[in-house]
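A closer look at the structure
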Amino acid sequence: MSTERGIAAGGRPSLTKRLLKALAVTLLAAAAAFLALEQYTPDGVPILEYHKVNNRDNDEWTLTTDDFAAHLEYLSEQGYSTISTEQFARYQIGAFKLPPKPIIVTFDDGYDDMLDNMAPMMEAVGMRSTIYMVVNYVGLPHYLDWSDLNRLRRRGFELGSHTANHIPVTDMEPLPAFDEAKYSRLLLWWYANKRVTAFSYPEGKYDDRIVTYLKENDYLTAVTGETGYNTTTTSPYHLRRVNITRPAKYLPSTAGLRIRLARAKIWHIFGWDIGEER
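The rules behind the values
Each chain carries its own residue numbering, running from 1 in the direction its sequence is written. For this predicted model, a pLDDT threshold of at least 70 governs which residues receive local features, and a threshold of 80 or more governs which side-chain atom pairs are given and counted, while totals over whole chains, interfaces and linings are taken from all residues. Values reported for side chains reflect all heavy atoms of the structure, with hydrogen atoms and water molecules removed beforehand. Ring geometry is summarised as follows: Phe, Tyr and Trp rings, the Trp one being its six-membered ring, pair when their centres sit within 6.5 Å, and such pairs are stacked at plane angles under 30 degrees, edge-to-face over 60 and tilted between the two. The numbering of helices and of strands both runs from the N terminus, where a helix is a DSSP run of H or I of at least 4 residues and a strand a run of E of at least 2. Note on exposure labels: buried denotes an accessible area under 20% of the residue type's maximum, exposed denotes more than 50%, and partly exposed covers the range between, all computed with a 1.4 Å probe on protein chains only. Each axis is a line fitted through C-alpha atoms, taken for helices only over the stretch in contact, and angles between the N-to-C directions span 0 to 180 degrees. Angles are sorted into four bins: roughly parallel if under 35 degrees, roughly antiparallel if over 145, roughly perpendicular if 65 to 115, and oblique for all others. Any two residues whose heavy atoms approach within 4.5 Å at even a single point are treated as in contact. Note that Gly is not counted as nonpolar here; it falls among the polar residues with everything else outside the nonpolar set of Ala, Val, Leu, Ile, Met, Phe, Trp, Tyr, Cys and Pro and the charged set of Asp, Glu, Lys and Arg. As used in this record, nonpolar core signifies buried Ala, Val, Leu, Ile, Met, Phe, Trp, Tyr and Cys residues forming a set joined through side-chain atoms within 4.5 Å.

Aromatic ring pairs are described here by two measures, namely the spacing of the ring centres and the angle between the planes. If you walk through the whole model with that rule in mind, you get 11 aromatic pairs. Their ring planes at 85 degrees and their centres at 5.4 Å tell us that tyrosine 50 and phenylalanine 68 sit as a pair that is edge-to-face. Residue tyrosine 50 is located in strand 1 (residues 47-50), and its partner phenylalanine 68 is located in helix 3 (residues 65-77); the two are separated by 18 residues in the primary sequence. Both residues of the pair, tyrosine 50 and phenylalanine 68, belong to the buried class. Between tyrosine 50 and phenylalanine 107, the aromatic rings sit 5.3 Å apart at their centres with planes inclined by 20 degrees, giving stacked as the arrangement. Highlighted residues: tyrosine 50 in strand 1 and phenylalanine 107 in strand 5 (residues 102-109), separated in sequence by 57 residues.

What follows concerns the packing of helix 6 (residues 146-154) against helix 7 (residues 174-192). Two numbers describe a pair of packed helices, the interaxial angle and the distance between the axes. Two numbers describe how helix 6 lies on helix 7: the axes approach to 9 Å, and their chain directions differ by 75 degrees. Considering the angle they form, helix 6 stands roughly perpendicular to helix 7. Residue-level contacts link Trp146, Leu149, Asn150 and Arg153 of helix 6 to Leu187, Leu188, Tyr191 and Ala192 of helix 7. Tallied by class, residues from the contact of helix 6 with helix 7 come to six nonpolar, one polar and one charged.

The next thing to look at is the nonpolar core. Judged by nonpolar contacts, the single largest core of 40 residues is most densely connected at Leu48, Tyr50, Phe68, Leu75, Phe107, Met118 and Met122. Within the residue set of this core, elements represented by two or more residues are strand 1, helix 3, strand 5, helix 5 (113-124), strand 6 (130-133), helix 6, helix 7 and helix 9 (255-269). Methionine 118 has contacts with Phe68, Phe107, Asp113, Ser129, Ile131 and Phe157, leaving out every residue within four places of it along the chain. Among the nonpolar cores identified, the runner-up in size contains 14 residues, and Phe178, Ala181, Ile210 and Tyr237 belong to it.

Right, here's the structure in full:
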């Protein structure tokens, strides 16, 4: 009996050991696949969606300055070069040549840390971003004012409209929805002294009415909240973004960015980001 038990115990690994070995092999394979996916560069342009960069707020939409610095370092190491949404629109019609690894970095709402933190940090690594401003927030506490927006524009940051009041246009009747896009653009153009062609749908929500309005009123692009890559065939009024939020405390600063960029690549590889075409 004791001999049989010894053979059973020592003759082959226990079930637990076999499961642990299988788990280890699976994790190694997954890590290798993830690293390979990181190095893969699909055709098209990813667009990152940020909101705030400061050490004051502690919500999911805010990255600390250290976290954002880590993101910029990662993007630089991966060889990304930033372009504007207007340059992307020109690329779609063959009027702009993309750099080898293009990316668009966007910030919604127009918080004051765009001037104090985001801009100098991006300038330090030779990058720029697009800032979508809610125009009726201009000058409110913790938001940019018109002078700030002009300074950012002169430093090469693109300005776009995020409507007048940050109300989802799908929740409004047609005329008020159109006014949100119309007057926000006119005010940005007037006070920032720059033609505005970029639009961000509040909460990423849109419908055919607002898309038609944007097309007919000199907007060149509009960004949604849907993930994926953007190519020559992507509708410029249904541009996809990669939403970036505050990293979990137990993960490295760049973990969320890397995972969400990989997810966007997977969506693109399998054609799940095709959506509306031009």
